[in-house]
Structures are given as C-alpha cells and as structure tokens.
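Listed here are the chains, written in short residue letters.
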Amino acid sequence: MTDSHAPMTASLERRAWSTSGYLIFVAFLALLGLTIWRIIAFAGSNPDDSAVFGFLVSTGLSVLALIILASGFYMIQPNQAAAITLFGSYSGTDRSTGLRWVWPWMGKTKISVRANNLVSDKIKVNDLRGNPIEMAAQVVWRVTDTAQALYDVDDYKAFVMVQIEAAVRTIGSRYPYDDFTHSEVTLRGNHDEVGVELRKELIARLTMAGITVDECGFTHLAYAQEIAGAMLRRQQAEAVVAARKTLVEGAVGMVEMALAMLSEKGVVHLDDERKAAMVSNLMVVLCGERDTQPVVNTGSLYQ
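Residues numbered from 1 in each chain as written. Predicted model: local features only at pLDDT ≥ 70, side-chain atom pairs only at ≥ 80, totals over all residues. Heavy atoms only, no water.

Colleague: Hey, could you run me through the overall build of the protein chain in this one?
Modeller: The number of helices and strands found in the protein chain is seven helices and 10 strands. Burial status across the protein chain gives 31% buried among its 303 residues. For the protein chain, long-range pairs separated by at least 24 residues make up 70% of all intrachain contacts whose partners lie at least 6 apart in sequence. Carbon and sulfur atoms make up 59% of the accessible area of the protein chain, which totals about 19200 Å². (Helix = DSSP H or I, 4+ residues; strand = E, 2+ residues; numbered from the N terminus. Buried < 20%, exposed > 50% of the residue type's maximum accessible area, 1.4 Å probe, protein only. Contact = heavy atoms within 4.5 Å. Areas by Shrake-Rupley, 256 points an atom, 1.4 Å probe, with all protein chains shown as cover.)

Structure below.
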C-alpha cells in the first residue's frame, strides 16, 4: 500500500541578496534634492507647452524612483534576521545588521534569532512505575534556521510549547520518580542525567522547525496531590527500615568484635547459653531507641 499524502517540502536557509541601505539612502536624498530644485527652478521660469510636458514626465519618473527607493528600506537589529521572498518564493535570509535595502516588490519577514526562555505549565505524568507526578520544565531555545521556522511549521512558537510538553511527558514516563535503594536512574535523584535526556529529546523534536535547545531542566517535580501523603509515608517507612538495617548491621559487628576480644584476651569464658544471653543484651543496648538502665549483678556469673 502506497502513501497517498504528498511529502512536505523541507526548507533550508540560504543567504539572500541585499545591499547596504546607507548608500541607497544617500542616493535617495540626492534624487530628492534634485527633484525639489528642478520644481523650484521650473516654477520661476516661463516655459512653453512642450517644456511643461517634458517637466511633468521627468518629475513623475523622479517621484516614482523616490517611492521605489523609499519602499525598499528595512532595519535589522543584532541577533535578528529577515526572510526575503519574491512573489511567495523564498529567496534567502538576510542576517546583516543595520539599514538594508532590497527591491520593494520583495517581501520581508523579520524573525528573532535570540535566545528565548520558556517555563512550561505544570502537567501530570505517570512515571515508569505508574505513579502520578507533577512536572514542569524550563527551556532556553533559539531559532537556527529561519527558513524552517517560518515555512516548515505554521507557528513555530506554539510548536515549541507543544513539543516541550510532549518531551516532558516522554521523559517523565521513562524514569521512576524516586528509588530509595539508588539502584536506578530517577527523576529526583539524577537531575543532570535526566536533563541531558530531556535536551536530546527536545532537539530531536524541534529540528524540523529549525530550532535548537541550549539549556533545559525541571523547575517543578513532585508527586501528584492525590498520592503525595501516601508516598510521603512510604518514603518515611523506607527511611526507617534503611536506618534500622544500618543500625543492626553495625550492632552485629560490634557484638562480634566484643565476643572475639573477650575470648582472645581470656577475660571470661562463656558457654553457648551465656553467649546467647550476652548477645541479646548487647543487641538490646545497641539497637534500642531509649537509654538503657543497666542491672549490676553482684553475685556469681550464673546467678
């Protein structure tokens, strides 16, 4: 089955013909002064009919030339460009700053190539584990190909906003929000790495519009309101479990060290039952959340 849709013609920026407007402005002033002088000189004379006809024709041509010259001026500021068209056909882009001039029948569309900073709206996304989260991104973008930006997309600024939202959704669903064990790349714990992925995704989406992304990152990242409380309790529980695990591992090591040193130095010889009791007491002392109250045994070891 063949595709019946005609492919879009991709535009490519090229340099347009234009000339310095300052030289044309000097010529415009010279012609204007000459025309005014001729009118004044003619008004003070007594010409015949043939001279009047010649004067009107020459004056009309001078005025027409002045109108043509005046209609071709345009100004380009730094980091600004002008796309030149001839009867709807793209002729090129002029990036030379200052006063410029082209033929008045050539269209001129100005476009900024400066950096733009955009902060997207907060959107709700399901992360890799299906948890609803809220995300917002800050993106610094600029136009690199004026022809693509003007003629390959209908409204390049609206196109950027839509593609930013789509890219944020894509990246948000690619990674989990958080991983307490730190075994995965997460949105919250790997800002730089995720930011690089977001920039690559945006550049790939905006290339067809002649736009690049210089910098991007997340300005808002949080669980959605409906699960924020539950996820906070889950994080607290995971933190408590992790802290307990670390505490128990340290306590076991200290008990092992105490028993080994007691046996090595011959301070006391304990059978298995007393070792178990000593281990239990030490674990209670080391792992307890409250201060222990020691009980001093003044009798024998087995009383």
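Colleague: Is there a simple way to explain the sheet that holds strand β6 (residues 106–112) in this structure?
Modeller: Hydrogen bonds along the backbone pair up the strands of a sheet, which may run parallel or antiparallel. Ordered by their spatial adjacency, three strands build an open sheet running β4-β3-β6, and the pairing between neighbours is antiparallel. Each edge of the open sheet is held by one strand with a lone partner, namely β4 (89–94) and β6. This sheet shows a mean twist of 25° between the axes of neighbouring strands, independent of strand direction. The pairing of strand β3 (residues 80–86) with β6 spans seven bridges and is antiparallel. By the bridge assignment for β6, A81 is matched with I111. (Pairing = 2+ DSSP bridges. Axes fitted to C-alpha atoms, helices over the stretch in contact; angles between N-to-C directions.)

Colleague: So what exactly am I meant to see when it comes to the pattern of salt bridges here?
Modeller: Where charged atoms from two side chains of opposite charge approach closely, those side chains can pair. In the structure shown here, the tally under the stated rule is seven salt bridges. Where R205 meets E201, a salt bridge forms, and the shortest distance between an N and an O atom there is 3.0 Å. Of this pair, R205 and E201 are both found in helix α5 (residues 191–206), four residues apart, which corresponds to roughly one turn of the helix. Here E201 falls in the buried class, since its relative accessible area comes to 17%. (Salt bridge = Lys/Arg side-chain N within 4 Å of Asp/Glu carboxyl O.)

Colleague: Even after reading the chapter, I still don't get the environment of F159, so can you show me in this structure?
Modeller: Tracing the chain through its elements places F159 in helix α4 (residues 156–174). Sequence spacing of F159 and A209 is 50 residues, and the spatial spacing of their C-alpha atoms is 8.2 Å. Other than its neighbours up to four places away in sequence, F159 contacts V153, R205, L206, M208 and A209.

Colleague: Please clarify how the sheet that holds strand β1 (residues 19–20) should be interpreted in this entry.
Modeller: Read from one edge of the open sheet, three strands run β1-β5-β2, paired in antiparallel fashion. The two strands at the open ends of the sheet, each matched to only one other strand, are β1 and β2 (73–76). Sheet topology places β1 next to strand β5 (residues 98–101); two bridges connect them, and they run antiparallel. In the sheet register, T19 faces β5, and the bridge partner there is W101. In the packing of helix α1 (residues 21–43) onto the sheet, contacts are made with β1, β2 and β5, and the angle to β5 comes to roughly 70°.

Colleague: What should I look at first to understand the packing of α4 against α5 in this one?
Modeller: Helix packing for two helices is described by the angle between their axes and how far apart those axes are. Following both chains from N to C, one finds α4 and α5 inclined at 140°, their axes separated by 9 Å at the closest point. The pairing of α4 with α5 is recorded here as oblique in orientation. In this structure, α4 crosses over α5, and the sense of that crossing is right-handed. Note on element contacts: α5 touches α4 through V194, E197, L198, E201, L202, R205 and L206, opposite F159, V160, Q163, I164, A166, A167, V168, T170, I171 and R174. (Parallel < 35°, antiparallel > 145°, perpendicular 65-115°, else oblique. Left-handed = near helix turned anticlockwise from the far one by under 90°.)

Colleague: Help me out: how do you make sense of α1 in this one?
Modeller: Given 3.6 residues to a turn, an α-helix orients residues that are three or four positions apart in the same direction. If you check α1, its first and last C-alpha atoms are 32 Å apart, about what 23 residues at 1.5 Å a residue would give, namely 33 Å. Those residues of α1 that fall on the buried side of the exposure criterion are G21, I24, F28 and T35. (Expected span 1.5 Å × (residues − 1).)

Colleague: I would appreciate a short explanation of the pairing of strand β8 (residues 123–126) in the present structure.
Modeller: Every other side chain in a regular strand lies on the same face of the sheet, so the side chains alternate between the two faces. Judged by which residues are buried, β8 turns out to be one-sided: I123 and V125 face inward and are buried, whereas K124 and N126, on the alternate face, are not. For β8 and strand β9 (residues 132–143), the ladder comprises four bridges, and the chain directions are antiparallel. Looking at β9, one finds that V125 is bridged to I133. Counting the residues between successive antiparallel strands, the hairpin from β8 to β9 contains five residues, one of them, G130, with a positive phi of roughly 85°.

Colleague: Where do I start with α4 in this structure?
Modeller: Between its first and last C-alpha, α4 extends 27 Å over 19 residues, near the 27 Å set by a 1.5 Å rise per residue. For α4, every residue scored as buried is listed here: Y156, F159, V160, Q163, I164, A167, V168, I171 and G172.

Colleague: Is there a simple way to think about the side chain of D94 in this case?
Modeller: Looking at where D94 falls in the secondary structure, it is placed in strand β4. D94 sits in the buried class, given a relative accessible area of 3%. A distance of 3.3 Å separates polar atoms of two side chains, one belonging to D94 and the other to R100. (Polar contact = N/O pair within 3.5 Å; in protein donor to acceptor, adjacent residues only side chain to side chain.)

Colleague: What is the right way to read the layout of surface pockets from this model?
Modeller: Regions of empty space are outlined by a rolling probe, equal in size to a water molecule, passed over the atoms. Of the voids in this model, the second largest pocket is the one considered here, and its volume is about 150 Å³. For the lining of the second largest pocket, the per-class residue count stands at nine nonpolar, one polar and two charged. (1 Å grid on protein atoms, 1.4 Å probe; cavity = no way out; pocket = protein on both sides within 12 Å on 5 of 7 lines; lining within 4 Å. Points joined across faces, edges and corners; volume = space filled by probe spheres on them. Nonpolar A, V, L, I, M, F, W, Y, C, P; charged D, E, K, R; others polar.)

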